[in-house]
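If you want the building blocks of each chain, they are given just below.
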Amino acid sequence: MRNNYFILLAKFKKLLAQLPYLPKALALVWAASRRWTAVWLALLVAQGLLPVATVYLTRALVNRLVIALGSARMWADFKPVLVLAVIMAVIFFLGEMFRTSAGWVRVAQAELIQDHLSALIHEKSVSVDLAFYESQDYYDHLHRARGAATYRPLALLESVGGLLQTTITLVGMVTVLAPFGLWLPFALVLSTLPAFYVVLRYNLRQHHWRLRTTADERRTWYYDHLLTNGENAAEIRLFDLGAYFSSAFQRIRARLRGERLNLARSQALAELCASAITFTITGALLTWMVLRTMQGSVTLGDLALFYQAISQGQRLASSLLENVGQIYSNSLFLSNLFAFLALKPQVVDPVSSCKSAPHVIRDGIRFRQVTFRYPLSEHDALNKFDLMIPARKVVAIVGLNGAGKSTLIKLLCRLYDPEEGRIEWDGADLREFPLKELRRLVTVLFQQPVHYSATVRENVALGDAGVEHGRGEIEAAAQAAGAHDTILKLPNAYESILGKWFEGGTELSVGEWQRLALARAYLRRSPLILLDEPTSALDPWAEADWLRRFKQIASGRTAVIITHRFTTAMHADTIHVMVEGKIVESGSHHELLTRDGLYAKSWLEQMGEGVTQLEAI
């Protein structure tokens, strides 16, 4: 018994530790649905008072009915009974009206809360550093936050509401029972303590199980994505991988299902034992009251009132403690949501004075003694790195995979900050500029641009989403990128939906998507253009046309091209060869060929491969 006391005390302390999340969650609910929550509170108070009124009216009705049946049974004797019955019917109707109204209010709250929390999660997802997306821990946080956000805040609100409503009704029932013996309310609460212990214990076990299996649940989502996503469909079929991934999915699900069923079975047995204790205490109380009625100490009306009060009181006390347990459970899971929302980015605006970001590059951009290492990596991607990018010039960075080329783009965009050294824009450290202003001055074309499932017009306009662009500007950008003729062949030209996510969508080729990305770059008109392997998926003919148009778009702007294709790099004003995070050669295409160094040897190898491929064709 002593051990059980200490176990219950430990659970209660853990409950108190979760209470700080309760006001945070209620604040979220209030921020999302103020008016609906106020109406909900009013309905709760009304629903809490109606059962107490019903119990009192039941005693009066039974006593009046006994008197009427024992009299001459005249209309005057039954009139008070009918009046009481009508009042009880009105209360019953009001209860149903309040109940259905509360259901409608909950639907409105649920929609508003879900939208509010989705907005918070989306805002946090786009504000955290790129480094978070390279961490498994971040995805575990995100997975748990999404799971908690879908229904936990509303469930917590309902638990708090249930607690409030139950408390109001229970206080009324205790008032009803007190005249029969002051010890009765304590016996009522005592009968519910076993159920309360079960709720606390198994909610905690459920929470720990969820934490432990987060990575496994995410893996099942990954296998489901592989099996159902169109991007993977061709390879899944060609290599007959459907059964392999389906089997992997089922193995994990079988283990998770087994663990959850074991937990549910254990909880069901514990609840059965708690119910048996509650039933025994309740039965003893009712037996005591029946004996008093047989002795004439109380009336039949008192017995009816006692029966209703004790049965409802026991149910209410159990419900109250269960609501406390649910508050505890939902608070445990909401801690995941608040842990996610508490994530802080490291790449932020300067704390002190902020310089306005320049709208042009006058001298150039310089990497000065920059050292950088990716999170969780044991090796430096860059070490004491120096590089000058002159204004209004096209600079190409070539090198093997892993040389650190793409890292330069991430640092220039301030997706990361260097650990040592600085990156200067006309002599000013990039970290001195407001982050959003800086990024508006940069256009990036990635190897695989995002395929937005939107209209062609929207796809181009997203290159400069903060500005309203007219039809003429959108079409001029598409013409400059060589996409205009292709767009006109689509079913609805610039209003055609792209991608296969939605009905009527049209898919584009790799080269056509690249041209749309180039149109976005033209529309943005930023002074700095960064390209990360932009032509790697293009054939030689498409590459030549793409580069010709790019040179027109980049005219008068500063551009950095990251590439392993020397046929792309050769068009740059300056080429830097990068090996293991360092520049080993620099010059124009012609200059580097005459030096007979690494660039010249690699050029001959690539050209030899190209000739071999043409001969094979």
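Residues numbered from 1 in each chain as written. Predicted model: local features only at pLDDT ≥ 70, side-chain atom pairs only at ≥ 80, totals over all residues. Heavy atoms only, no water.

Draft legend 1. Spotlight on the overall build of the protein. Within the protein one finds 20 helices and ten strands. The burial tally for the protein puts 45% of its 617 residues in the buried class. Expressed as a percentage of contacts within the protein between residues at least 6 apart in sequence, the contacts between residues at least 24 apart total 76%. Counting every atom, the protein has about 32800 Å² of accessible surface; 60% of that belongs to carbon and sulfur. (Helix = DSSP H or I, 4+ residues; strand = E, 2+ residues; numbered from the N terminus. Buried < 20%, exposed > 50% of the residue type's maximum accessible area, 1.4 Å probe, protein only. Contact = heavy atoms within 4.5 Å. Areas by Shrake-Rupley, 256 points an atom, 1.4 Å probe, with all protein chains shown as cover.)

Draft legend 2. Structural detail: the layout of surface pockets. Estimated volume of the largest pocket: approximately 1300 Å³. Lining the largest pocket are 34 residues; nearest its centre among them are Val126, Cys413, Leu415, Arg439 and Arg524. Grouping the amino acids of the lining of the largest pocket by side-chain chemistry returns 21 nonpolar, five polar and eight charged. (1 Å grid on protein atoms, 1.4 Å probe; cavity = no way out; pocket = protein on both sides within 12 Å on 5 of 7 lines; lining within 4 Å. Points joined across faces, edges and corners; volume = space filled by probe spheres on them. Nonpolar A, V, L, I, M, F, W, Y, C, P; charged D, E, K, R; others polar.)

Draft legend 3. Structural context of empty space enclosed by the protein. With the rule as written, the count across this model stands at three cavities of 30 Å³ or more. Within this model, the largest cavity holds a volume of roughly 40 Å³. Lining the largest cavity are Ala483, Thr486, Ile487, Leu490, Leu508, Glu512, Arg515 and Leu516. Of all the secondary structure elements, the ones that give two or more residues to the lining of the largest cavity are α15 (484–488) and α16 (510–524). Among the elements that make up the lining of the largest cavity, the one with the highest residue count is α16 (three residues).

Draft legend 4. Inspection of the packing of aromatic side chains at higher detail. Counted according to the given criterion, the structure contains nine aromatic pairs. Centre to centre, the rings of Trp36 and Trp104 are 5.0 Å apart; their planes meet at 90°, and the pair counts as edge-to-face. A residue pair is termed long-range when its members are at least 10 positions apart, and Trp36 in helix α3 (residues 34–70) and Trp104 in helix α4 (residues 75–127) qualify at 68 residues. The rings of Tyr222, Tyr223, Tyr244 and Phe245 are connected pair by pair, giving a single aromatic cluster. Between the NZ or CZ atom of Arg525 and the centre of the ring of Tyr522, over which it lies, the distance is 5.1 Å. (Phe/Tyr/Trp six-rings, centres within 6.5 Å; stacked < 30°, edge-to-face > 60°. Lys NZ or Arg CZ within 6 Å of the ring centre and 35° of its normal.)

Draft legend 5. Summary view of the sheet that holds strand β2 (residues 382–390). Here we have four strands laid out as an open sheet, ordered β2-β1-β4-β5, and antiparallel in their pairing. Both edges of this open sheet fall to β2 and β5 (428–429), since each of them pairs with a single strand only. Direction of pairing for strand β1 (residues 364–372) relative to β2: antiparallel, over a ladder of six bridges. Looking across to β2, one finds that Arg366 is bridged to Met388. Docked against the sheet, helix α11 (residues 405–412) engages β1, β2 and β4 (420–425), running at close to 110° with respect to β1. (Pairing = 2+ DSSP bridges. Axes fitted to C-alpha atoms, helices over the stretch in contact; angles between N-to-C directions.)

Draft legend 6. Representation of the pairing of strand β10 (residues 582–587) within the structure. Note that strand β9 (residues 574–579) and β10 share five bridges and pair antiparallel. Bridge assignment links Ile575 to a residue of β10, and that residue is Gly587. Hairpin connection from β9 to β10: two residues lie between these consecutive antiparallel strands, with Glu580 at a positive phi of about 50°.

Draft legend 7. Main features of the environment of Arg520. Among the structural elements, Arg520 can be located in helix α16. Placed 46 residues apart in sequence, Arg520 and Ile474 show a C-alpha to C-alpha distance of 8.8 Å. Excluding residues that lie within four positions of it along the chain, Arg520 makes contacts with Pro449, Val450, Tyr452, Asn459, Val460, Leu462 and Gly463.

Draft legend 8. Structural detail: the nonpolar core. In terms of nonpolar packing, the biggest core is built from 40 residues, with Leu516, Phe550, Ile575 and Tyr599 touching the most fellow members. For this core, the element with the highest residue contribution is α16, accounting for six residues. Structurally, this core is a two-domain feature, drawing no fewer than three residues from each of domain 2 (362–447 + 557–616) and domain 3 (451–532). What Phe550 contacts, discounting residues up to four positions off in sequence, is Leu518, Ile529, Leu531, Ala559 and Ile561. Core analysis: the next-biggest nonpolar cluster, separate from the first, contains 36 residues, Ala131, Tyr374, Trp425 and Phe433 among them. (Core = buried A, V, L, I, M, F, W, Y, C linked by side-chain atoms within 4.5 Å. Domains from an automatic or database assignment.)

Draft legend 9. Inspection of the pairing of strand β8 (residues 558–563) at higher detail. The element β8 is largely enclosed, with a buried count of six among its six residues. Of the two faces of β8, the one carrying Thr558, Val560 and Ile562 and the one carrying Ala559, Ile561 and Thr563 are both buried. By the bridge criterion, five bridges tie strand β3 (residues 394–398) to β8 in an arrangement that is parallel. Bridged to Ile397 within β8 is Ile562. Bridge analysis of strand β7 (residues 528–532) against β8 gives five bridges, and the strand direction is parallel. Following the sheet pairing, Asp532 is matched in β8 by Ile562.

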